[in-house]
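# Structure at a glance
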Amino acid sequence: YVYSKQDGNTYSTRLNYDNYYKYLHNGNSPYFTLGSDQYGRDIMTRLAIGGRLSLTLGFTVSLVNIILGVVYGAIEGYYGGATDIVMERISEILSEVPFMIVVTLFSLYLADVVNPVISLFLAFVVTGWIGTAATTRMQFYRYKGQEYVLAARTLGARDSRLIFKHILPNAVGPIITSSVLMIPSVIFSESSLSYLKIIDFSTGNITSIGTMLSEGQATFMTYPNLILWPAIFISLLMICFNIFGNGLRDAFNPQLRGAE
């Protein structure tokens, strides 16, 4: 905090937030519903910030990977031949690159240039679309030889219309199912990476569920609430998304209903 005195000079001073809170609220002490950490930070607030980061990253990465994977897989499956062979070799080369190496390199050389969140997002996008592309390619090979597609081609329909109006709507079920299950996978991977401190979210105004678990591990025996609430939060998040994904799978693929 910076304040000015009558002499016109400015001074910097440290402020005790607990005393400042009491001063603003008539001597009442702050109350933390889920407790506070070793630095006096509210656990519930940090859970909300970490959950917002995880959900934003999960939905954004999944959306970008779906778009890239659908476009890439549609081109592969529709045109086939030499186009499919070349594009499939490219995706196979990318899929052989270990994800941990990509994340580590992006964290070392890109996180300082942009920020840890964007570097982690780019690391997920580099190879995250390959699974969606493979699913889309398989579905296009399944449907592009159907009679209604051949009839539309005979009537002069263009390739773009055949892809987006005739084939893709019939292949959208497995694609949506796999994309929804991608969200908890991204969230769990992000929490694991921040827990192992491969991605550092401990600086600035951002935090992560994995960072909270890592910080609370050292004091688990004396202050179990530091690790208990983040663990419950991430567990419930994973369970909810998996149940939601199974519901979408049953809705779009009735033949797989009840399968695990």
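See above for the structure.
What comes next is a walk through the structure. (Residues numbered from 1 in each chain as written. Predicted model: local features only at pLDDT ≥ 70, side-chain atom pairs only at ≥ 80, totals over all residues. Heavy atoms only, no water.)

## Notes on the overall build of the protein
If you tally the helices and strands in the protein, you get ten helices and two strands. Each helix and strand of the protein, placed in order from N terminus to C terminus, yields the pattern β-β-α-α-α-α-α-α-α-α-α-α. Among the 260 residues that make up the protein, the fraction classed as buried is 36%. In the protein, the share of contacts with a sequence separation of at least 24, taken over all contacts with a separation of at least 6, comes to 63%. Element-wise, carbon and sulfur atoms account for 63% of the exposed surface of the protein, whose accessible area totals about 15,500 Å². (Helix = DSSP H or I, 4+ residues; strand = E, 2+ residues; numbered from the N terminus. Buried < 20%, exposed > 50% of the residue type's maximum accessible area, 1.4 Å probe, protein only. Contact = heavy atoms within 4.5 Å. Areas by Shrake-Rupley, 256 points an atom, 1.4 Å probe, with all protein chains shown as cover.)

## Examining the packing of helix H2 (residues 43–79) against helix H10 (residues 225–252)
Two elements in contact, H2 and H10, have axes separated by 11 Å at closest approach and are oriented at 30°. Judged by the angle between their axes, H2 and H10 are roughly parallel. You can see that H2 and H10 cross each other, and the crossing is right-handed. Counting all contacts with H2, which are made through Ile 43, Leu 47, Gly 51, Leu 55 and Phe 59, the residues of H10 involved are Asn 225, Leu 226, Trp 229, Pro 230, Phe 233, Leu 237 and Phe 241. (Axes fitted to C-alpha atoms, helices over the stretch in contact; angles between N-to-C directions. Parallel < 35°, antiparallel > 145°, perpendicular 65-115°, else oblique. Left-handed = near helix turned anticlockwise from the far one by under 90°.)

## A closer look at the pattern of salt bridges
According to the stated counting rule, one finds four salt bridges in the structure shown. Salt-bridge contacts for Arg 46 lead to Glu 215; the nearest nitrogen and oxygen are separated by 3.0 Å. Taken as a pair, Arg 46 in helix H2 and Glu 215 in helix H9 (residues 209–217) lie far apart in primary sequence, 169 residues in all. Residues Arg 137 and Asp 84 are paired through a salt bridge, measuring 2.8 Å at the closest nitrogen-oxygen approach. Of this pair, Arg 137 sits in helix H6 (residues 130–143) while Asp 84 sits in helix H3 (residues 81–95), and the two are 53 residues apart along the sequence. Given the relative accessible area of 7%, Asp 84 is considered buried. Linked through salt bridges whose partners overlap, the residues forming this network are Asp 84, Glu 88 and Arg 137. (Salt bridge = Lys/Arg side-chain N within 4 Å of Asp/Glu carboxyl O.)

## Observations concerning H9
Burial analysis of H9 places seven of its nine residues in the buried class, which makes it a mostly covered element. Among the residues of H9, those classed as buried are Ile 209, Gly 210, Thr 211, Met 212, Leu 213, Ser 214 and Gly 216. Among the structural elements, H2, helix H8 (159–195) and H10 are those in contact with the buried residues of H9. You can read the cap of H9 off the contacts: a side-chain oxygen lies 3.3 Å from the backbone nitrogen of Gly 210, and it is on Ser 208. (Polar contact = N/O pair within 3.5 Å; in protein donor to acceptor, adjacent residues only side chain to side chain.)

## Let's talk about empty space enclosed by the protein
This structure, assessed with the given rule, holds one cavity of 30 Å³ or more. If you add up the space inside the largest cavity, you get close to 60 Å³. Lining the largest cavity, in full, are Asp 37, Gln 38, Ile 43, Arg 46, Met 212, Glu 215, Gly 216 and Leu 226. Of all the elements in the fold, those that place two or more residues in the lining of the largest cavity are H2 and H9. In terms of residues, the lining of the largest cavity owes the most to one element, H9, which gives three residues. (1 Å grid on protein atoms, 1.4 Å probe; cavity = no way out; pocket = protein on both sides within 12 Å on 5 of 7 lines; lining within 4 Å. Points joined across faces, edges and corners; volume = space filled by probe spheres on them.)

## Focus: unusual backbone geometry
Even without being glycine, Lys 197 reaches a positive phi, approximately 65°. You can call Lys 197 exposed: its relative accessible area is 64%.

The values are spatial; any link to function lies outside them.
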